[in-house]
Amino acid sequence: MNAATPGDLPLRMDNCSIERALGVVGEKWTFLVLREAFGGVRRFADMQAATGAPRQVLSARLTRLVEEGLLRKVPYREPGQRQRDEYRLTQMGLDLYPTLMALMWWGDRYLSDAAGPPLRITHRDCGALVEQHFRCAEGHEVSGPREVTPVPGPGARLRATAPASPDPVPKPPQATSPASSPASAGSA
């Protein structure tokens, strides 16, 4: 007997981790800001130049990423200038690196132009290209979704079972014969 999967159980998805994550990072400018932060860009003007984001959009994205805990502000002051803030990745932000790389590799594979990908990621120590792999806790390589089984986790919530609904297709009214109808019974 196979283990039950989330599709087999009446699980609620109102606490879905994918949905929650997309609520934080699920739009273009957020990922472009993170791309620059991973590349070492910390200052507003440099981020704006690198991403091409309109000033108000960039300001809103940086504010949101700070509020959500992916970036933190660190004050700095250039000589003769007012104090400003740099934006640095927190551990929560750093933990998005594999996600950003997976998006880049997917884009390289399916969306690059004829010249190929614009960027390669190499290991600083040896210079070899970095590859992304999935492994189970026992160390086995997992090549894709057909090799995994989703199972309910500790945060899984069951949907409330609804009462049985009436038949969605209404039944036609029963035909009555004149002999059995209430009107004919009273007239006999």
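Here we summarise the structure given alongside this text. Given the structure is predicted, the values throughout are model-derived calculations rather than measurements. (Residues numbered from 1 in each chain as written. Predicted model: local features only at pLDDT ≥ 70, side-chain atom pairs only at ≥ 80, totals over all residues. Heavy atoms only, no water.)

**So, the side chain of Asp108**
Right, so step 1: Within the element layout of this structure, Asp108 appears in helix α6 (residues 97–111).
Right, so step 2: Buried and unpaired, Asp108 has no salt bridge, with Arg120 as the nearest side chain of opposite charge at 4.9 Å.
Right, so step 3: When neighbours within four sequence positions are excluded, Asp108 is seen to be in contact with Pro117, Pro118 and Leu119. (Helix = DSSP H or I, 4+ residues; strand = E, 2+ residues; numbered from the N terminus. Buried < 20%, exposed > 50% of the residue type's maximum accessible area, 1.4 Å probe, protein only. Lys, Arg positive; Asp, Glu negative; His and termini not counted. Salt bridge = Lys/Arg side-chain N within 4 Å of Asp/Glu carboxyl O. Contact = heavy atoms within 4.5 Å.)

**Digging into helix α4 (residues 55–68)**
Along an α-helix, residues three or four positions apart point the same way, because every turn accommodates 3.6 residues.
Right, so step 1: Between the first and last C-alpha of α4 there are 20 Å, a value that for 14 residues agrees with the 20 Å anticipated at 1.5 Å per step.
Right, so step 2: Those residues of α4 that fall on the buried side of the exposure criterion are Leu58, Leu62 and Leu65. Each buried residue of α4 lies within a common arc of 65° when the element is viewed along its axis, so the set occupies one face. Relative to its buried face, α4 has exposed residues pointing more than 90 degrees away, namely Gln56 and Glu67.
Right, so step 3: If you follow the buried residues of α4, they end up packed against α2 (28–38), α3 (44–51), β2 (71–76) and β3 (84–89). (Expected span 1.5 Å × (residues − 1). Arc of directions from axis to C-beta.)

**Things to note about the side chain of Thr90**
Right, so step 1: With respect to the helices and strands, Thr90 occurs in the loop between β3 and α5 (91–94).
Right, so step 2: Side-chain polar atoms of Thr90 contact the backbone oxygen of Gly69, separated by 2.5 Å.
Right, so step 3: For Thr90, the contacting residues outside a window of four places in its chain are Gly69, Leu70, Leu71 and Arg72. (Polar contact = N/O pair within 3.5 Å; in protein donor to acceptor, adjacent residues only side chain to side chain.)

**Notes on the pattern of salt bridges**
Right, so step 1: The tally for this structure, following the rule as stated, stands at eight salt bridges.
Right, so step 2: Between Glu68 and Arg64 there is a salt bridge, with its nearest N and O atoms 3.0 Å apart. Taken together, the residues Glu68 and Arg64, both in helix α4 and four residues apart, mark about one turn of the helix.
Right, so step 3: Notably, a salt bridge pairs Lys73 with Asp85, separated by 3.8 Å at the nearest N-O pair. Here Asp85 lies in strand β3 and Lys73 lies in strand β2, a separation of 12 residues in the sequence.
Right, so step 4: Judged by its relative accessible area of 27%, Asp85 falls in the partly exposed class.

**A word on the packing of α3 against α4**
Right, so step 1: Look at α3 against α4: their axes get within 10 Å of each other, and the N-to-C directions meet at 120°. For the pair α3 and α4, the crossing hand works out as right-handed. Along its contact with α3, which presents Phe44, Met47 and Gln48, the element α4 presents Arg55, Leu58, Ser59 and Leu62. (Axes fitted to C-alpha atoms, helices over the stretch in contact; angles between N-to-C directions. Left-handed = near helix turned anticlockwise from the far one by under 90°.)

**Quick look at the nonpolar core**
Right, so step 1: Core analysis: the biggest nonpolar cluster contains 21 residues, and Leu34, Met47, Leu62 and Leu71 have the highest contact counts within it.
Right, so step 2: Taken together, the elements giving at least two residues each to this core come down to α1 (17–25), α2, α3, α4 and β3.
Right, so step 3: The greatest single-element share of this core, amounting to six residues, is contributed by α2.
Right, so step 4: Among all residues touching Met47, those that are not within four sequence positions of it are Val33, Glu36, Ala37, Val41, Arg42, Gly52, Leu58, Leu62 and Tyr87. (Core = buried A, V, L, I, M, F, W, Y, C linked by side-chain atoms within 4.5 Å.)

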